[in-house]
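# Architecture and fold: a report
Residue strings, one per chain:
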Amino acid sequence: ADFEVYLEDDGFAVSPDCNPLATVTGSPSCNRSATQNFTIRVLSVNSAPHFVLDRSVIVIGENTSTVPHLFENIGSNISRGGEAEDEQTIWFTAEVESGPTGVLTDVRLTCHSPDEGVCSAGTVDLSFSTVAGRFGNVTLRLSIHDSGGTRGTGQDTSSEYLNVLVTPFNDNPTFSLSSTDFTLGQDVGCMRETRSLSTAVSLTVTVTGVDPSSA
């Protein structure tokens, strides 16, 4: 926008050349300064895109699935930011913010529709895998990004946070023997063997040199 400004005092002016309101000519009196011109330009600043999660906590049990967990339409109300930013492309990221390591793997936040950069479906899906034998409370940072950049005070990213609680499951104890077949002679007395335990096994003991009639 272009503007013209001038300064005027409360004195009198009789020269139309100085002040258009003057009615008398031939006088040098003037109560108005020369006109100055300036322009104001309002530059656009990128507004951060955003979306809304439909929950803040997910609770699942340890070892409940060997395939990735999928939560469809977990995010909605997707916006690119300002009113003039509809042409921008958007994308999503997901990462572990805090919590024990190795509990979740392959964490992904993706648009529910296949049109990359547009997300016309207006919703996003979350998927991840759990690791056998691992549990704990993990916080995920789920973010939306746009192509508008951060020039000036612009923002091109916003994030939501989600807690995933993987509850422990008690596994049964196991053991194993280094050998499952023992042969003992008659009158060997007390015999002791020490073996490590890890998996369940069956055990066969054979005693030789025994009179069947005395058994």
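## Notes on the overall build of the chain
Regarding its fold elements, the chain presents zero helices and 12 strands. Secondary structure elements of the chain, listed N to C terminal, follow the sequence β-β-β-β-β-β-β-β-β-β-β-β. Every one of the 215 residues in the chain was classed for burial, and the buried ones make up 27%. In the chain, the proportion of contacts linking residues at least 24 apart, taken out of those at least 6 apart, comes to 66%. Taken as a whole, the chain presents about 14,400 Å² of accessible surface, with 52% of it coming from carbon and sulfur.

## Side note on the sheet that holds strand E8 (residues 124-130)
Here four strands make up an open sheet; going across it, the order is E3-E5-E8-E7 and the pairing antiparallel. Each edge of the open sheet is held by one strand with a lone partner, namely strand E3 (50-53) and strand E7 (104-111). Neighbour-to-neighbour, the strand axes of the sheet open up by a mean angle of 30°, direction not taken into account. Across six bridges, E7 lies against E8 in antiparallel orientation. Among the inter-strand pairings, Leu109 is bridged to a residue of E8, identified as Leu126.

## Thoughts on a nonpolar patch on the surface
A cluster of nonpolar side chains, Phe3, Val5, Phe38, Ile40 and Val42, forms an exposed patch at the surface whose accessible area comes to about 460 Å². By the element assignment, Ile40 lies in the loop between strand E2 (36-39) and E3.

## Notes on the state of the cysteines
Should the sulfur atoms of two cysteines be covalently bonded, the bond is a disulfide. Counting across every chain of the model gives one disulfide. The disulfide bridge from Cys111 ends at Cys119, spanning 2.0 Å between sulfur atoms. Since a negative S-S torsion denotes a left-handed disulfide, the Cys111-Cys119 link at about 100° is right-handed. Residue Cys111 shares its accessibility class with Cys119, and that shared class is buried.

## Comments concerning the side chain of Asp125
Here Asp125 shows up in strand E8. One buried charged side chain, Asp125, makes no salt bridge at all; its nearest oppositely charged neighbour is Arg55, positioned 9.4 Å away. Beyond its immediate chain neighbours, meaning those up to four positions away, Asp125 contacts Leu70, Phe71, Glu72, Asn73, Ile74, Arg108, Leu109, Thr110 and His112.

## Describing the nonpolar core
With 25 residues, the main nonpolar core has Phe92, Leu104, Leu109, Leu126 and Leu142 as its most contacted residues. Elements supplying a minimum of two residues to this core: E3, strand E4 (57-61), strand E5 (69-79), strand E6 (90-98), E7, E8, strand E9 (136-146) and strand E10 (157-167).

## Some remarks on the packing of aromatic side chains
Enumeration over the complete set of coordinates arrives at three aromatic pairs. Here Phe51 and Phe92 contribute two aromatic rings whose centre-to-centre distance is 6.0 Å and whose plane-to-plane angle is 85°, an arrangement assigned as edge-to-face. Taken together, the residues Phe51 in strand E3 and Phe92 in strand E6 connect sequence positions 41 residues apart. Accessibility expressed as a relative area gives 2% for Phe51, which makes it buried. Residue classification places Phe92 among the buried residues on the basis of a relative accessible area of 13%.

What counts, and at which threshold
Residues numbered from 1 in each chain as written. Predicted model: local features only at pLDDT ≥ 70, side-chain atom pairs only at ≥ 80, totals over all residues. Heavy atoms only, no water. Helix = DSSP H or I, 4+ residues; strand = E, 2+ residues; numbered from the N terminus. Buried < 20%, exposed > 50% of the residue type's maximum accessible area, 1.4 Å probe, protein only. Contact = heavy atoms within 4.5 Å. Areas by Shrake-Rupley, 256 points an atom, 1.4 Å probe, with all protein chains shown as cover. Pairing = 2+ DSSP bridges. Axes fitted to C-alpha atoms, helices over the stretch in contact; angles between N-to-C directions. Patch = residues over 30% accessible without salt bridge, like charges linked within 9 Å, V, L, I, M, F, W, Y side chains within 5 Å. Salt bridge = Lys/Arg side-chain N within 4 Å of Asp/Glu carboxyl O. Disulfide = S-S within 2.5 Å. Lys, Arg positive; Asp, Glu negative; His and termini not counted. Core = buried A, V, L, I, M, F, W, Y, C linked by side-chain atoms within 4.5 Å. Phe/Tyr/Trp six-rings, centres within 6.5 Å; stacked < 30°, edge-to-face > 60°.

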